Structures are given as structure tokens and as C-alpha cells.
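Here is what each chain is made of, one letter per residue.
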Amino acid sequence: MEFPESEEEEGQHVFSTCSVCDTDTDFDSGGIAGYWGIMPVAFCEWCLSSLLDMASQLLGVEEE
């Protein structure tokens, strides 16, 4: 196992893979990364879509 040499390198690794499915996060295809509170997270386009769909179902939001 290789460890990052700096905090910046560690941050790039955290944001380069999806926090859910561990695939590469492609920002050009709709992936997103940021902080959930203080925890760094990244979502590929598939997991982000699923997360948003689940949230809209839980909130009872209907598409028009």
C-alpha cells in the first residue's frame, strides 16, 4: 500500500474515486466531489444519480 506524500496528494486521491463504489470519478461526465460536513466525498455520475433519486423519493418530490 502506498501512502500519499502530502495532504494535497491525499486530497486528490480522495476526490478521484467514488466514495460509494470506488470507481474513478469523471467530472466531465457528471461526477462531483466536495465535503459532507468535514468529510471529503466524491460521487461518480451513477452513484450521484442514485443518491439524488433516493433523496427525492424520501422527500416525496415528484417530477413535473
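For the structure given in this document, a descriptive report is provided here. Please read all numbers here as calculations on a predicted model, not as lab measurements. (Residues numbered from 1 in each chain as written. Predicted model: local features only at pLDDT ≥ 70, side-chain atom pairs only at ≥ 80, totals over all residues. Heavy atoms only, no water.)

### Considerations on unusual backbone geometry
Next, step 1: Although it is not a glycine, Asp-22 sits at a positive phi angle of roughly 65 degrees.
Next, step 2: Turning to its location among the elements, Asp-22 is positioned in the loop between helix H1 (7-16) and strand S1 (32-36).
Next, step 3: Residue classification places Asp-22 among the exposed positions, given a relative accessible area of 58%. (Helix = DSSP H or I, 4+ residues; strand = E, 2+ residues; numbered from the N terminus. Buried < 20%, exposed > 50% of the residue type's maximum accessible area, 1.4 Å probe, protein only.)

### Comments concerning the packing of aromatic side chains
Next, step 1: Under the criterion given, the structure shown has two aromatic pairs.
Next, step 2: When the centroid spacing of 6.3 Å and the interplanar angle of 65 degrees are considered together, the rings of Trp-36 and Phe-43 count as edge-to-face.
Next, step 3: Judged by relative accessible area, which is 53%, Trp-36 ranks as exposed. (Phe/Tyr/Trp six-rings, centres within 6.5 Å; stacked < 30°, edge-to-face > 60°.)

Honestly, it's all geometry; don't read function into it.
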